[in-house]
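Take a look at the letters that make up each chain.
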Amino acid sequence: MGRERGPVWVLLGLAPLLGLGVLLAAIVLNGAGIDREDRPPVEDLTIDRVSLPTPDEIVVSVTNGGPEPVTVSQVTVNEALWDFRAEPDTKIPPLGSAEITLPYSWVEGEAYGITLITATGTTFSAEVPAAVITPTFSAETFWRYALIGTYVGVIPVALGLLWYPFLRRLGSAGIGAVLALTLGLLVWLVVDTLLEAVEVAGRLPGVFSGVPLVLVAALLALLGLLGAERLFRSRGETTGRLSTSYRIALGIGLHNLGEGLAIGAAFALGEAALGTFLVVGFTLHNITEGVGIAAPILEERPRLAHFAGLALLGGGPAVLGTWIGGFAYSNLASAVLLAVGAGAILQVIYEVTRLLLNDSARSKTPALSAPNLGGFTAGVAIMYATALLVSV
């Protein structure tokens, strides 16, 4: 039997928090008895980005991930000291950021090494492999990036969906093999997305705990989507095959968002050759994703509008990713978005696996049949082969 909840109950709930606040204040003010004057300062300065907005300017964006303020006292370019100004200040507080601007006339195509020297003599370095103007926001650049994202995402996914009439004629065994192929595609995508998220998280200041953040974000996305699905089922709302296709498109779309981020960042940092190479590689890589999106609806006849929606949902995020990567790239946001994408793909893997098992039970054929195993292997092999076009 519960007791009455009044002011005393509220105070009882706040008492541990008040005690914790007093304890933390004592530690901060007194150093918990272990503070030493002769200890070396802990400095952790992360160079987030180096941009070249004009031919006479280099801008370095930095974040202080350490527990103490860091003062940037000197900056060198190719080992030569150079004048600079910092906004908002040369003294960067913990978790604070600053932009360091150097009035430097750089030469297009040349490589530059930039080193920040703090007041304690600690150095933090970054490189510009090939100097080129960093694109700024404009209508022309906006639409150019949108076109790149369309090439990479929307068009390949739409072309993959064009296999729908061909796949419908494969028969029940063939459709099961295509579902298994979809599983192979998705397993590759979730591993690839998670590894990419961990790689981006590794570039974050240590204070952000990038890798645990990625893993927890992926888990929360997975649990959230599973909870939403269970809620629909508890209300008597069915989740049909078309709904599964939309969820596959969403998961793939979040993965393609990460691809767009990589392409946009490559162009923004002046790596035009790499950016073009990524466009070609991802375009070939993504055409197979349309097959995965179409697989659950091979026994249905959705309206043409649904195919357009699936293509936009699966490929459209690549456009958004290219905009973000080109104009406002953030390692923290990128890591979280990629992690959410991985969680969404995991939920889709669960959905497609259940669909494949139900179809096998209905047709009284083993789920681990030769066609299904072959389809799964083919899905992984296709993604591996096309991924080589991006990584080579």
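A short tour of the structure in this document, coming up. (Residues numbered from 1 in each chain as written. Predicted model: local features only at pLDDT ≥ 70, side-chain atom pairs only at ≥ 80, totals over all residues. Heavy atoms only, no water.)

So, on to the packing of helix H2 (residues 139-161) against helix H9 (residues 317-327). H9 packs onto H2 with a crossing angle of 135° between their chain directions and a minimal axis gap of 7 Å. Taken together, the axis directions place H2 and H9 in an arrangement best described as oblique. Regarding H2 and H9, the two cross each other, and that crossing is right-handed. Of H9, the residues touching H2 (which contributes Thr141, Phe142, Tyr145, Ala146, Ile148, Gly149, Thr150 and Gly153) are Ala318, Val319, Thr322, Trp323, Gly326 and Phe327. Class assignment of the residues belonging to the contact of H2 with H9 gives a composition of eight nonpolar, six polar and no charged. (Axes fitted to C-alpha atoms, helices over the stretch in contact; angles between N-to-C directions. Helix = DSSP H or I, 4+ residues; strand = E, 2+ residues; numbered from the N terminus. Parallel < 35°, antiparallel > 145°, perpendicular 65-115°, else oblique. Left-handed = near helix turned anticlockwise from the far one by under 90°. Contact = heavy atoms within 4.5 Å. Nonpolar A, V, L, I, M, F, W, Y, C, P; charged D, E, K, R; others polar.)

In terms of nonpolar packing, the biggest core is built from 35 residues, with Leu161, Leu186, Ile248, Ile293 and Val352 touching the most fellow members. Only H2, helix H3 (164-168), helix H4 (171-201), helix H6 (241-268), helix H7 (272-294), helix H8 (304-315) and helix H10 (331-363) provide two or more residues apiece to this core. Element by element, the count of residues in this core is highest for H4, at ten residues. When neighbours within four sequence positions are excluded, Ile293 is seen to be in contact with Val157, Leu161, Ser245, Ile248, Ala249, Ile252, Leu310 and Gly314. By size, the runner-up hydrophobic cluster in this structure holds 25 residues, among which are Ile92, Tyr104, Trp106 and Ala131. (Core = buried A, V, L, I, M, F, W, Y, C linked by side-chain atoms within 4.5 Å. Buried < 20%, exposed > 50% of the residue type's maximum accessible area, 1.4 Å probe, protein only.)

The next thing to look at is the sheet that holds strand S2 (residues 57-64). Taken together, four strands build an open sheet; the order of strands is S1-S2-S7-S5 and the sheet is antiparallel. Each edge of the sheet is formed by a strand with only one pairing partner; in this case those strands are strand S1 (45-54) and strand S5 (85-87). Direction aside, the axes of adjacent strands within the sheet are offset by 25° on average. Where S2 meets strand S7 (residues 97-102), six bridges bridge the pair, whose relative direction is antiparallel. Considered in S7, the bridge of Val60 is made with Ile100. (Pairing = 2+ DSSP bridges.)

Inspection of the entire model under this criterion finds seven aromatic pairs. Measuring from centroid to centroid gives 5.6 Å for Tyr104 and Tyr112, while their planes differ by 80°, and the two rings are edge-to-face. Like Tyr104, the residue Tyr112 is buried in the burial classification. Feature note: the residues Trp82, Tyr104 and Tyr112 constitute an aromatic cluster, connected by ring pairs. (Phe/Tyr/Trp six-rings, centres within 6.5 Å; stacked < 30°, edge-to-face > 60°.)

Now for the packing of H2 against H8. Each pair of packed helices can be summarised by the angle the axes make with each other and by the distance between the axes. The geometry of H2 relative to H8 is characterised by a closest axis approach of 8 Å and an angle of 140° between their N-to-C directions. Here H8 runs oblique to H2, going by the angle between their axes. Crossing hand, H2 versus H8: right-handed. Mapping the contact onto sequence places Gly149, Gly153, Val154, Val157, Ala158 and Leu161 in H2 and Phe307, Leu310, Ala311, Leu312, Gly314 and Gly315 in H8.

Moving on: the pattern of salt bridges. This structure, assessed with the given rule, holds four salt bridges. Across the pair Glu57 and Arg85 runs a salt bridge, and its minimum N-O distance is 3.5 Å. Placement of Glu57 in strand S2 and of Arg85 in strand S5 is noted, with a sequence separation of 28 residues between them. Here Glu140 makes a salt bridge to Arg144, at a shortest N to O gap of 2.6 Å. Of this pair, Glu140 and Arg144 are both found in helix H2, four residues apart, which corresponds to roughly one turn of the helix. A residue is classified by how much of its surface remains accessible, and Glu140, at 56% relative accessible area, is exposed. (Salt bridge = Lys/Arg side-chain N within 4 Å of Asp/Glu carboxyl O.)

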